[in-house]
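Observations on the model geometry
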2 protein chains.
Amino acid sequence: MPSPVQNPLRPVWWDASIAPHGALCLIDQTLLPTETVVLTCRTLESVWRAIKTLQVRGAPAIGVAAAYGVIVGLDEASHDDRSWPDTLKKVCDHLATSRPTAVNLFWAIDRMRKSAAGLRGQSWMTARTALLQEAHAIRDEDAAMCRAIGQAGQHLVKSGTGVLTHCNAGALATSEYGTALAVMYTAHEAGRLFKVFVDETRPLLQGSRLTAWELQRAGIDATLICDNMAAVVMREGRVQLVITGADRIAANGDTANKIGTYGVAVLARAHGIPFYVAAPHTTFDLSIPDGKAIPIELRGADELRSVRGQSTAPAGIPVYNPAFDVTPAQYIAGLITDKGLITPVTPENIRRTIGPLAV
Amino acid sequence: MPSPVQNPLRPVWWDASIAPHGALCLIDQTLLPTETVVLTCRTLESVWRAIKTLQVRGAPAIGVAAAYGVIVGLDEASHDDRSWPDTLKKVCDHLATSRPTAVNLFWAIDRMRKSAAGLRGQSWMTARTALLQEAHAIRDEDAAMCRAIGQAGQHLVKSGTGVLTHCNAGALATSEYGTALAVMYTAHEAGRLFKVFVDETRPLLQGSRLTAWELQRAGIDATLICDNMAAVVMREGRVQLVITGADRIAANGDTANKIGTYGVAVLARAHGIPFYVAAPHTTFDLSIPDGKAIPIELRGADELRSVRGQSTAPAGIPVYNPAFDVTPAQYIAGLITDKGLITPVTPENIRRTIGPLAV
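Residues numbered from 1 in each chain as written. Chains lettered and ligands numbered in written order. Predicted model: local features only at pLDDT ≥ 70, side-chain atom pairs only at ≥ 80, totals over all residues. Heavy atoms only, no water.

1. A closer look at the relation of the copies chain A and chain B
There are two copies of the chain, and a rotation about an axis plus a shift along that axis relates them. When chain A is brought onto chain B, the operation consists of a screw motion whose angular component is 180° and whose axial shift is 0.0 Å, with 0.1 Å RMSD remaining. This pairing of chains is accounted for by a two-fold axis. Counting the interface residues of chain A, we find that 100% of their copies in chain B are interface residues as well, pointing to one common contact surface. (Least-squares fit on C-alpha atoms with pLDDT ≥ 70 in both. Contact = heavy atoms within 4.5 Å.)

Below you can see the structure in the form of structure tokens.
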């Protein structure tokens, strides 16, 4: 029997009841929103493929999947008290090739390696038990950060507020709860009634495929719009608050996020609507002074020339397809983090809250 | 042998060489950009269906198709010298049911009716010849307006200019040349090299399906972007000029156009980029004082829940889908019309150029 979808929604989890050793389960995000399929990963190869083919996506969720993937790899190989460190090294090396640009993937794998290094000389079973605890810790710590983000920002979402969000910064991208959506889930749990406008988020439609699905499932009042409708819903007074996630935040608060975020921020400013970014402290990169230092990935033309396999543009038409854009700090009313709400967004306030000397 | 696609591009034309009487030809716009198919309409029913199913779209193009459709209907019925006025009435009444909200459809049909009223008592052949000339005149006058728009605005497009456009205000929407694209075609014919960024224009993708196809065919350097990328191409300095079309312009210059136009105008303002609207004088409605009086059609949810038949959102998710938005006059640097360039956009300048006393 397949493992059921978790409540509250989790994209990745360990199901200990699956014989013989338990298994990694994940929601196949490539099939959403039309099908909700739980994949059971009993082999290293299936974990590798799930990460590679975006069945699991979102930096924290990938990290959690990789951590549990290490356990799957250990279980699959011989349970040998002497050779398990070699097995573990091979498993980690292989998982690291699944998505070479995913920082959280390496971070999670390195953490599993470090934990293993402290277990050398222990039996397979002792090591496996400790490593599974480490994977659970990675998941639980991410969940705790998401919950803290929700707490830090939930007062912004009042009863009757219209909130606009872009892309998917939800449970599906993290261990649970998400970042931007954590704020909404927390306000929802507090019993407040509000409305969310969801940008569909071309080209990959994370808004319509994932965010709309998540919010609908949670019973939150969500309305889907095309990206180009954000301006008009603002002008019509339907929106009082914008919250998005972040891929990377520089020391001055400049924020890289999914393409289209910058435009939403400019439109929010023009309509006098506060624009917030929600992210864990791990998303901050205080080594880069500002957004100019953030490289922007240019993606392939086919994402714009077709939608879900249907051609929508002439063959060979040139395409400009940046995956992200950078929103300058001056457009951001506040940064909602697990360490608290940073407002106004200044390098000093960021350092005080996030920096190495922060509590 | 099918009638070849016209150069310069025309979406609708009369091919006199098709036996026995000639026929209405049109590019089936529902198949663009993947297939370029010329439909030959020899029956009133095929003309009616072409208008109904959007095989021909764009207000002026629909008007031209309906005018020629009257001839198709006359040719198809008995060529009787006495009963042709009755036939003509039935043909016109039927064509008018094809798209009940298309103002240009009624305008063109009424003009054919008026022309016919002056031909009562004439033979079928005399009437048919005069009515075909009237249909040609409707087409030629629209083409002349488009050419004049191109002349009025072409100096705005300098060598090296980056131009951004939204939706399709091109040849495919008119008799030839278009409105916003007329400006670009004229600059192109003048030998200037420039670059056009084409918003794909969700939900119906007129930008990627039609504008990209037109510009590629004309040899103009066109790059396709998602609607949500307009802000970043502006910020990166790739765009110095925005030109869109218009569906309706109020006496003060407030302009209704395809959804997303208002957002582009706000973003252009924020980046110091002039935003122009190109339209024939017939698009002005001086009876309405401002944009608040323009009703906005709300369209169905399926346009946002799927793309070309592929589901992209959860079933039942609420959708907000306005077909148009209104850009306030203060965002518009100028109105490019067949009567000249109106700048700055003030009620006085509009009245002077477009009003009943204008030359």
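2. A word on the confidence of the model for chain A
Summary statistics for chain A give a mean pLDDT of 95 and a share of 99% for residues scoring 70 or more. Among the prediction metrics, the complex's ipTM stands at 0.93, with pTM recorded as 0.94. (pLDDT = per-residue confidence, 0-100.)

3. Quick look at the environment of isoleucine 288 of chain B
All names here are of chain B. Along the polypeptide, isoleucine 288 turns up in the loop between β11 (284-285) and α10 (302-305). Taking relative accessible area as the criterion, isoleucine 288 reaches 9% and is therefore assigned buried. Sequence-distant contacts of isoleucine 288, that is, excluding residues within four places in its chain, are made with Arg248, Ala250, Ala251, Ala293 and Ile294. (Helix = DSSP H or I, 4+ residues; strand = E, 2+ residues; numbered from the N terminus. Buried < 20%, exposed > 50% of the residue type's maximum accessible area, 1.4 Å probe, protein only.)

4. So, the packing of helix α2 (residues 59-76) of chain A against helix α4 (residues 103-117) of chain A
Residue and element names in this part refer to chain A. Viewed as axis vectors pointing N to C, α2 and α4 meet at an angle of 35°, and their least axial separation amounts to 8 Å. The interaxial crossing formed by α2 with α4 has right-handed handedness. Note on element contacts: α4 touches α2 through Asn104, Leu105, Ala108, Ile109 and Met112, opposite Ala59, Pro60, Ile62, Gly63, Ala66, Ala67, Val70 and Ile71. Classifying every residue of the contact of α2 with α4 gives eleven nonpolar, two polar and no charged. (Axes fitted to C-alpha atoms, helices over the stretch in contact; angles between N-to-C directions. Left-handed = near helix turned anticlockwise from the far one by under 90°. Nonpolar A, V, L, I, M, F, W, Y, C, P; charged D, E, K, R; others polar.)

5. Some details on the domain arrangement of chain A
Residues and elements named next belong to chain A. By domain assignment, chain A separates into domain 1 (12-146) and domain 2 (151-354). Taking the mean C-alpha position of each, domain 1 and domain 2 sit 28 Å from one another. Each side of the interface is counted separately: domain 1 has 18 residues, and domain 2 has 19 residues. The contact between domain 1 and domain 2 buries some 1500 Å² in all, and 56% of this surface belongs to carbon and sulfur atoms. Of all residues in domain 1, Arg57, Met145 and Cys146 bury the most surface against domain 2, accounting for 39% of the area lost on that side. For the interface between domain 1 and domain 2, the tally reads one salt bridge. Arginine 139 is the salt-bridge partner of glutamate 176, the closest N and O atoms lying 3.3 Å from each other. (Domains from an automatic or database assignment. Buried area = accessible area lost by both parts, 1.4 Å probe. Salt bridge = Lys/Arg side-chain N within 4 Å of Asp/Glu carboxyl O.)

6. A short note on the interface of chain A and chain B
Taken together, the contacts link 54 residues of chain A with 54 residues of chain B. Each partner contributes to the roughly 4300 Å² buried at the junction of chain A and chain B, and carbon and sulfur atoms together form 66% of this total. Glutamate 200 of chain A is the partner of arginine 202 of chain B in a salt bridge, and the nearest nitrogen-oxygen pair spans 2.6 Å. Across the chain A-chain B interface, the total number found is 22 residue pairs in polar contact (both at pLDDT 80 or more). Those elements giving two or more residues to the side of chain A that touches chain B turn out to be α7 (206-218), β6 (221-225), α8 (230-235), α9 (261-270), β13 (310-311) and β14 (324-327) of chain A. (Polar contact = N/O pair within 3.5 Å; in protein donor to acceptor, adjacent residues only side chain to side chain.)

7. Some details on the pattern of salt bridges
One pass over the structure, following the stated rule, counts 36 salt bridges over all chains. Put simply, aspartate 302 of chain B and arginine 305 of chain B hold a salt bridge, and the shortest N to O gap is 3.8 Å. Residue aspartate 302 of chain B and its partner arginine 305 of chain B are located together in helix α10, separated by three residues, close to a single helical turn. Each member of the salt-bridge network shares a partner with another, and the members are Arg10, Arg139, Asp140, Arg147 and Glu176 of chain A.

8. As for the packing of aromatic side chains
Following the criterion strictly, the structure yields six aromatic pairs over all chains and no others. Between tyrosine 262 of chain A and tyrosine 331 of chain A the ring centres are 6.0 Å apart and the planes differ by 90°, which places this aromatic pair in the edge-to-face class. Taken together, the residues tyrosine 262 of chain A in helix α9 and tyrosine 331 of chain A in the loop between β14 and β15 (334-337) connect sequence positions 69 residues apart. Across the pair, tyrosine 331 of chain A and tyrosine 262 of chain A agree in class, each one buried. Both rings, one in tyrosine 177 of chain B and one in tyrosine 185 of chain B, keep their centres 5.6 Å apart while their planes meet at 40°; by these two values the pair is tilted. Of the two residues, tyrosine 177 of chain B and tyrosine 185 of chain B, both sit in the buried class. Stacked on the ring of tyrosine 320 of chain B, the Lys or Arg arginine 238 of chain A has its end atom at 4.3 Å from the ring centre. When the ring centre of tyrosine 262 of chain A is taken as reference, the NZ or CZ atom of arginine 235 of chain B above it lies at 5.2 Å. (Phe/Tyr/Trp six-rings, centres within 6.5 Å; stacked < 30°, edge-to-face > 60°. Lys NZ or Arg CZ within 6 Å of the ring centre and 35° of its normal.)

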